[in-house]
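In case you want the letters, here they are:
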Amino acid sequence: CAKIAEETQAPLYIVESDATLAYILNVTGQFGDEIVARLARAPQVYDDNEAACRDNWSEANAKSSALSVAPLALQQMGETEAARRAYRSALAWARGIKRPFDLAHTLCFTSSYLILCGEFEQALKEAREAVAICEAHGFGTWLQSARAHSAIAMSELGEVEEAREIIHSVMAAWRKAGCGSLLGLFTQALAKIEAQLGRLDEGLRLADEAIAVNLQNHDFVNLPGAYETRAMIRLASPHGDPALAEEDLEQALETARSQNALGSARRIAARLAALRARQGAAAG
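This section reports on the structure supplied with the text.

Conventions and cut-offs
Residues numbered from 1 in each chain as written. Predicted model: local features only at pLDDT ≥ 70, side-chain atom pairs only at ≥ 80, totals over all residues. Heavy atoms only, no water. Patch = residues over 30% accessible without salt bridge, like charges linked within 9 Å, V, L, I, M, F, W, Y side chains within 5 Å. Areas by Shrake-Rupley, 256 points an atom, 1.4 Å probe, with all protein chains shown as cover. Salt bridge = Lys/Arg side-chain N within 4 Å of Asp/Glu carboxyl O. Helix = DSSP H or I, 4+ residues; strand = E, 2+ residues; numbered from the N terminus. Buried < 20%, exposed > 50% of the residue type's maximum accessible area, 1.4 Å probe, protein only. Contact = heavy atoms within 4.5 Å. Phe/Tyr/Trp six-rings, centres within 6.5 Å; stacked < 30°, edge-to-face > 60°. Lys NZ or Arg CZ within 6 Å of the ring centre and 35° of its normal. Axes fitted to C-alpha atoms, helices over the stretch in contact; angles between N-to-C directions. Parallel < 35°, antiparallel > 145°, perpendicular 65-115°, else oblique. Left-handed = near helix turned anticlockwise from the far one by under 90°.

### Quick notes on a nonpolar patch on the surface
Next up, step 1: Taken together, the side chains of I4, Y13 and W57 make up a nonpolar region of the molecular surface, amounting to roughly 360 Å² of accessible area.
Next up, step 2: Among the structural elements, W57 can be located in the loop between α4 (50-53) and α5 (62-76).

### Looking at the side chain of T106
Next up, step 1: With respect to the secondary-structure elements, T106 resides in helix α7 (residues 100-117).
Next up, step 2: Given a relative accessible area of 1%, T106 falls into the buried group.
Next up, step 3: Excluding residues that lie within four positions of it along the chain, T106 makes contacts with S64, S68, A90, L91 and A94.

### Describing the environment of N214
Next up, step 1: Considering the arrangement of structural elements, one finds N214 in helix α12 (residues 200-216).
Next up, step 2: Owing to a relative accessible area of 0%, N214 belongs among the buried residues under this scheme.
Next up, step 3: Sequence separation between N214 and L272 is 58 residues; the distance between their C-alpha atoms is 22 Å.

### Focus on the packing of aromatic side chains
Next up, step 1: Under the criterion given, the structure shown has 7 aromatic pairs.
Next up, step 2: When the ring of Y46 is compared with that of W93, the centres are 5.6 Å apart and the planes differ by 80°; the resulting orientation is edge-to-face. Here the residue Y46 occupies a position in helix α3 (residues 33-48), and W93 occupies one in helix α6 (residues 80-97), the gap between them amounting to 47 residues. Residue Y46 shares its accessibility class with W93, and that shared class is buried.
Next up, step 3: An aromatic cluster is built from Y23, F101, F109, F139 and W142, whose rings are joined through pairwise contacts.
Next up, step 4: The positively charged end of K63 is found above the aromatic ring belonging to W93, 4.1 Å away from the centroid.

### Regarding the packing of helix α2 (residues 11-27) against α5
Next up, step 1: Interaxial distance between α2 and α5 falls to 9 Å at its minimum, and their mutual angle equals 30°. The angle between α2 and α5 places the two elements in the roughly parallel class. Judged by the twist between their axes, the crossing of α2 over α5 is left-handed. Contacts between α2 and α5 pair L12, V15, E16, A19, A22, Y23 and N26 from the former with A62, K63, S65, A66, V69, L72 and A73 from the latter.

Following this line, the structure appears as structure tokens:
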């Protein structure tokens, strides 16, 4: 698609291919100059050629698709201020064009971004708004995505039992629809929920599964978090091995750094340093 866009120089093709490639680069954990360039070019080409780009064959407006990926990608790269600006731009655009699908689509991405930032109350608010839009208009797949992000935020806010029910329901619907991408992320979330409920063995099993599913579906961006989740569950278990948890954090850190996901790398490095400090104090 990108080759056709470059050969034809058709503005809509450029915007669509840039937005789609940016999403692929994000989910496969390829952060660098290319994703930044495509995220910057797509909205600019759209604005310069709006009449040619406004109507397309995709459900989402082409500019919406490009803007919605940017906050997640920039946050992963550690560009927190740029990510926040991108988040505001994406929401402002989606609300401004007054197309329900675009708003639901964008809210799914912004709630995911807010979860990554640890802003769980706002993430839940935006995910629930997306749920309401999807239910009103019959956007089935995006409804499940919005429900999953609401459940993740709820679990972080202490609403663990209800979150568990929602995640189970989402994962069943996701598999029935034949969706693979993001299933690892949802499995990882369920692993954390089971651990919160004291079912540490089940949490550990699900963390193993999350790693495998992310690898299978090439959702490499979620691998550092899956390794990190397994490490935290191992540390919470009375029979857990701190050495294995340290190996998980080392793997998470190595993976994040290899992706240039500097935001995740900083968080994981801090966890790893804290674990090593505790182990050193215990040994001393």
